[in-house]
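Architecture and fold: a report
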Amino acid sequence: ARAAAVECLRGLYLSGRYAALVAALGEAVRDGMAEGQADALALAAHRQGLGRFDIDRAFQAARAGLDGSVAVAGAAREAAESMIAGAAADIARVLASSAEEASIDEIAGYADTFLRGDNVGAVARWTEEALWTAFGAGAVDLYRQAAGRFAGQGIAIDWLTDSSPCARCRQNADGSPYSPYDVPPFPAHPHCRCYLVSDVRLPVAMLEPYLAAA
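Just so we're clear, the structure is a prediction, and the values are computed from it rather than from any experiment. (Residues numbered from 1 in each chain as written. Predicted model: local features only at pLDDT ≥ 70, side-chain atom pairs only at ≥ 80, totals over all residues. Heavy atoms only, no water.)

**Some words on the layout of surface pockets**
- Here the second largest pocket defines a volume of roughly 380 Å³.
- What lines the second largest pocket is a set of 17 residues, among which A75, E78, E129, A130 and T133 lie closest to the centre.
- Where the lining of the second largest pocket is concerned, the elements lending two or more residues are α2 (17-47), α4 (70-97) and α6 (121-149).
- Residue contributions to the lining of the second largest pocket peak at 6 residues, all from α6.
- Taken together, the residues of the lining of the second largest pocket sort by class into 12 nonpolar, 3 polar and 2 charged. (1 Å grid on protein atoms, 1.4 Å probe; cavity = no way out; pocket = protein on both sides within 12 Å on 5 of 7 lines; lining within 4 Å. Points joined across faces, edges and corners; volume = space filled by probe spheres on them. Helix = DSSP H or I, 4+ residues; strand = E, 2+ residues; numbered from the N terminus. Nonpolar A, V, L, I, M, F, W, Y, C, P; charged D, E, K, R; others polar.)

Encoded structure:
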């Protein structure tokens, strides 16, 4: 069943649509990373009482800075591969559980439900994972920029969990705070809902371009 599902999806590569899929995911990943950076800046400005922060302007600046990013391209390819593998697994389960007397057309109809429409399971799962991963990566990248531009700033990042963390996430939280270069892989696993935050006072020079008074 899995072999048949993979063969079905192989057409995605041969049709030329794989490049379009990666490009679309690249846009989503770039937006997720830009949102992570903008939110981290906004939080720092709020904690320092620096006045109204233009988060949209920060988002647009971060997004422009990610044009041509190798990290974005790599994350988009990884998300595409995960999405395709997830769809293949979904189709394989359908084929394996189909009634023995089902016709080819009936089986094709079952499989088609996983590949069309606005609620394709594998697409929803892996798009969400890609965006949450990108959000965290954007925040970490911002803190790395701060550490690189302002030596001695002492950037520290905390791994925060939800109300019922798994053992791995609890261990990551217990290991906090981390330097921007030592943060454990985020998210720690599929459906992870931990998040990263820093209490550091980011240099005002990083925040001024997005303040209402600037």
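**Examining the nonpolar core**
- Of all hydrophobic cores here, the largest spans 48 residues; its most connected members are L25, L41, F53, Y143, W159, L196 and L202.
- Of all the elements in the fold, those that place two or more residues in this core are α2, α3 (55-65), α4, α6 and α8 (204-207).
- Those residues within four positions of F53 in sequence are excluded, and the remaining contacts are A38, L41, A42, A45, A58, L207, Y210 and L211. (Core = buried A, V, L, I, M, F, W, Y, C linked by side-chain atoms within 4.5 Å. Buried < 20%, exposed > 50% of the residue type's maximum accessible area, 1.4 Å probe, protein only. Contact = heavy atoms within 4.5 Å.)

**Re the pattern of salt bridges**
- Under the criterion given, the structure shown has 7 salt bridges.
- Put simply, E27 and R30 hold a salt bridge, and the shortest N to O gap is 3.4 Å. Of this pair, E27 and R30 both sit in helix α2, separated by 3 residues, roughly a single helical turn.
- A salt bridge links E27 to R63; the shortest N-O distance between them is 2.7 Å. Here R63 lies in helix α3 and E27 lies in helix α2, a separation of 36 residues in the sequence.
- Each member of the salt-bridge network shares a partner with another, and the members are E27, R30, D31, R63 and D67. (Salt bridge = Lys/Arg side-chain N within 4 Å of Asp/Glu carboxyl O.)

**Section: the environment of R125**
- By the element assignment, R125 lies in helix α6.
- When the C-alpha positions of R125 and S82 are compared, they lie 9.5 Å apart, and in sequence the two are 43 residues distant.

**Notes on α2**
- For α2, spanning 31 residues, the distance from its first C-alpha to its last is 45 Å, which sits close to the expected 45 Å at 1.5 Å a residue.
- Just past α2, the residue G49 takes up positive phi, approximately 60°. (Expected span 1.5 Å × (residues − 1).)

**Some remarks on unusual backbone geometry**
- The omega torsion of the bond from S176 to P177 falls at 0°, within 30 degrees of zero and hence cis.
- By secondary structure assignment, the location of P177 is in the loop between α7 (167-174) and β2 (195-197).
- In the segment running from F186 into P187, the intervening peptide bond is cis, with an omega of -5°.
- Mapping P187 onto the fold places it in the loop between α7 and β2.
- Of note, H191 is a non-glycine position whose phi angle comes to about 70°, a positive value.
- Following the sequence through the fold, H191 ends up in the loop between α7 and β2.

**Concerning the state of the cysteines**
- Per the counting criterion, the structure on display carries 0 disulfides.
- Free of any disulfide, C166 has its nearest cysteine sulfur in C169, 3.5 Å distant.
- This cysteine, C194, is not joined by any disulfide, and C169 carries the nearest cysteine sulfur, 3.5 Å off.
- Among the residues examined, C194 registers a relative accessible area of 2% and is labelled buried. (Disulfide = S-S within 2.5 Å.)

**Side note on the packing of α2 against α3**
- Interaxial distance between α2 and α3 falls to 8 Å at its minimum, and their mutual angle equals 135°. Considered as vectors, α2 and α3 are oriented oblique to each other. Note that α2 runs across α3; the crossing there is right-handed. Across the interface between the two elements, E27, R30, D31, A34, E35, Q37, A38, D39, L41 and A42 of α2 pack against I55, A58, F59, A62 and R63 of α3.
- A class-by-class count of the residues in the contact of α2 with α3 yields 8 nonpolar, 1 polar and 6 charged. (Axes fitted to C-alpha atoms, helices over the stretch in contact; angles between N-to-C directions. Parallel < 35°, antiparallel > 145°, perpendicular 65-115°, else oblique. Left-handed = near helix turned anticlockwise from the far one by under 90°.)

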